[in-house]
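Structure assessment
Listed below are the residues making up each chain.
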Amino acid sequence: MSELEVRELRYFIAVAEELNFSRAAQRLGMAQPPLSKAIAQMESRLGVRLLERTTRQVSLTNAGRVLLDQARVAVDAVHAAARRTRRAGQPTPRLVVAVKPAGDAGLLREILAAYRGTGPHLPPPEVVVGGSGEPIAMLRDGRADVALLRSPFDGRGLDSQTLVVEPRLAVLPAGHHLAGRRRLRLTDLKGEPIPRWKGAAPSATAYYTGYDGAEPGDGHTGSVPADAPEGPIVSGVEQLLEVVALGQAVAFLARSTTERHQRPDIVYRPVTGLSPSAVMVAWPETSRSAAVAAFVQAAHDVAADHPDHMTELAAY
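First things first, this report covers the structure right here in the doc. Numbering of residues starts from 1 in every chain and runs along the sequence as written. Where totals are concerned, whole chains, interfaces and linings use all residues; where local detail is concerned, this predicted model gives features only for residues with pLDDT of at least 70, and gives and counts side-chain atom pairs only at 80 or more. Side-chain metrics rest on all non-hydrogen atoms present in the structure, leaving aside hydrogens and water.

**Focus on the pattern of salt bridges**
How we decide: Note on definitions: salt bridges are taken to be side-chain nitrogens of Lys or Arg within 4 Å of carboxyl oxygens of Asp or Glu. Secondary structure is summarised from DSSP: a helix means a run of H or I of at least four residues, a strand means a run of E of at least two, and numbering begins at the N terminus for each. The rule is simple: take the accessible area with a 1.4 Å probe, protein chains only, and divide by the maximum for that residue type; under 20% is buried, over 50% is exposed, in between is partly exposed.
Across all of its chains, the model carries 20 salt bridges by this definition. Note that Glu-17 and Arg-72 form a salt bridge whose closest N and O atoms lie 3.1 Å from each other. Of this pair, Glu-17 sits in helix H1 (residues 6–18) while Arg-72 sits in helix H4 (residues 62–88), and the two are 55 residues apart along the sequence. Measuring nitrogen to oxygen at the nearest pair gives 3.7 Å for the salt bridge that ties Asp-154 to Arg-140. Of this pair, Asp-154 sits in the loop between strand S5 (146–150) and strand S6 (158–166) while Arg-140 sits in helix H6 (residues 134–141); the two residues are 14 residues apart in sequence, bridging distant segments of the chain. Look at Arg-140 and you get partly exposed, because its relative accessible area is 23%.

Listed below in structure tokens is the structure:
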């Protein structure tokens, strides 16, 4: 069996995501007949059906779902290799650090200072601030060398190290009937609509909504129940806070994030039984960069100087 080509994987990803050959062909900028022929040839070489086709719909087989998952990883890896190669050949090297707003638990500036103090032989750090999901995407596709990420995230192809583990707090409208309580239990918030993060995987959605099974026996089994009320779709902390302030939902945020966003129309309360938030430094597992290694060491050293995060977690 001959190996699959990147071009074929791109074709399959488009069809698998669109589940429509016409839309996939339009997305790829090609005619439909050669696209259909290419998919059929892939199935023939692999010896399995990837798609179930009827006159009314296209759906993925089990084999197709596996290939879609692996194809995305493979195509991302090829694109990342090209980007990293081009960047390595630039006359002025850079260390690109990807973060998202409030995603560093307040440690980023200290980490950058510690990295710069390592010595002038390392490239200067360039911080790129992206929205939800962007830092890990930049790390995977080669636009970034290292990233500060909050769990949970898909760690395939990455190495990572935990820097900070901190409690999450409930975010409530100031007029909520539970706002007067000093501490809540996770079960107190059962039935409340909770915002869903745009593009989040099911495991991440379970975490953001508190259904990731933090406390055995509390009825939270690691997945979101089908009858759980859904709050608005959000793509950032500011949007999340606004929908909470309007009384459309309650939410959960890391303690360090709540400290940066104090508002009179919102209250934050500790929650017994809610899983914590972890800030991690992550980098490609194939990286051999001395600059990445120095940044990771700087991050580790700075986090070690802040044991208060772990102490506060124990207190919650």
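**Structural notes on empty space enclosed by the protein**
Our working definition: With a 1 Å grid spanning the protein atoms alone, the term cavity applies to any set of points in which a 1.4 Å probe fits but cannot get out, the term pocket to an open set with protein on both sides within 12 Å along at least five of seven lines, and the term lining residue to any residue with an atom within 4 Å of a point. Grid points are joined across faces, edges and corners, and a volume is the space filled by probe spheres set on the points. Residue type decides the class: Asp, Glu, Lys and Arg count as charged, Ala, Val, Leu, Ile, Met, Phe, Trp, Tyr, Cys and Pro as nonpolar, and the leftover types, Gly among them, as polar.
Using the criterion set out here, one finds one cavity of 30 Å³ or more in the structure. Its boundaries defined by the atoms lining it, the largest cavity holds a volume of some 90 Å³. Along the wall of the largest cavity there are 13 residues; nearest its centre are Leu-189, Glu-192, Ile-194, Thr-209 and Tyr-211. Considered class by class, the residues forming the lining of the largest cavity number seven nonpolar, three polar and three charged.

**Structural notes on unusual backbone geometry**
In this structure, Pro-152 follows Ser-151 across a cis peptide bond, with omega equal to 0 degrees. Within the element layout of this structure, Pro-152 appears in the loop between S5 and S6.

**Some words on the packing of aromatic side chains**
As a reminder of what qualifies: Any pair of Phe, Tyr and Trp rings, taking the six-membered ring for Trp, is counted once the centres come within 6.5 Å. Such a pair is stacked with planes under 30 degrees apart, edge-to-face with planes over 60 apart, and tilted for the rest. The criterion for a charge sitting over a ring is simple: Lys NZ or Arg CZ within 6 Å of the ring centre, and within 35 degrees of the ring normal.
In total, this model carries three aromatic pairs according to the counting rule given. Centre to centre, the rings of Trp-197 and Tyr-208 are 5.7 Å apart; their planes meet at 40 degrees, and the pair counts as tilted. Here Trp-197, found in strand S9 (residues 194–197), pairs with Tyr-208, found in helix H7 (residues 202–208); they are eleven residues apart in sequence, far enough to count as distant. Comparing Trp-197 with Tyr-208 shows no difference in burial state: the two are buried. Taken together, the aromatic side chains of Trp-197, Tyr-207 and Tyr-208 make up a single cluster linked through ring pairs. Above the face of the Trp-197 ring, Lys-100 is positioned so that its terminal group lies 5.6 Å from the ring centre. Its guanidinium or amino end placed over the ring of Tyr-207, Arg-168 lies 3.7 Å from that ring's centre, counting from NZ or CZ.

**Focus on the sheet that holds strand S11 (residues 251–254)**
The following threshold applies: By the convention used here, strands pair only if DSSP detects at least 2 bridges between them. Residue contacts are counted whenever heavy atoms from the two residues lie within 4.5 Å of one another. Axis definition: a line fit to C-alpha positions, over the contact stretch in the case of helices; interaxial angles, taken between N-to-C directions, run 0 to 180 degrees.
The four strands lie next to each other as S8-S12-S7-S11, forming an open sheet whose pairing is mixed. The open sheet has two edge strands with one neighbour each: strand S8 (184–185) and S11. Pairing geometry for strand S7 (residues 168–173) and S11, over four bridges, is antiparallel. Opposite Arg-168, over in S11, you have Ala-254 as the bridge partner. On the sheet, helix H8 (residues 237–245) packs against S7, S11 and strand S12 (266–272) and is oriented at approximately 140 degrees with respect to S11.

**Quick look at the layout of surface pockets**
Estimates place the volume of the largest pocket at around 1300 Å³. What lines the largest pocket is a set of 50 residues, and nearest its centre among them are Gly-133, Ile-136, Ala-137, Phe-153 and Asp-154. When contributions to the lining of the largest pocket are tallied by element, the ones reaching two or more residues are H4, H6, S5, S9, H7, H8, S11 and strand S13 (277–284). For the lining of the largest pocket, the leading source of residues is H4, giving seven residues. When grouped by side-chain class, the residues that make up the lining of the largest pocket number 29 nonpolar, nine polar and twelve charged. Approximately 390 Å³ is the volume attributed to the second largest pocket. Forming the walls of the second largest pocket are 16 residues, and the residues nearest its centre are Arg-84, Ala-88, Arg-94, Asp-145 and Ser-289. Sort the elements by how many residues they give to the lining of the second largest pocket and H4 lands first, with three residues. Its residues assigned to classes, the lining of the second largest pocket shows seven nonpolar, four polar and five charged.

**Structural notes on the side chain of Glu-43**
For clarity, the cut-off: By the criterion applied in these results, polar contacts are pairs of N or O atoms within 3.5 Å in which, for protein atoms, one can donate a hydrogen and the other can accept it, and in which residues neighboring in sequence qualify only through two side-chain atoms.
Within the secondary structure layout, Glu-43 lies in helix H3 (residues 32–46). Within polar-contact distance, the side chain of Glu-43 engages the backbone nitrogen of Leu-50 at 2.8 Å. Ignoring any residue separated from it by four or fewer positions in sequence, one finds Glu-43 in contact with Val-48, Arg-49, Leu-50, Leu-51 and Arg-53.

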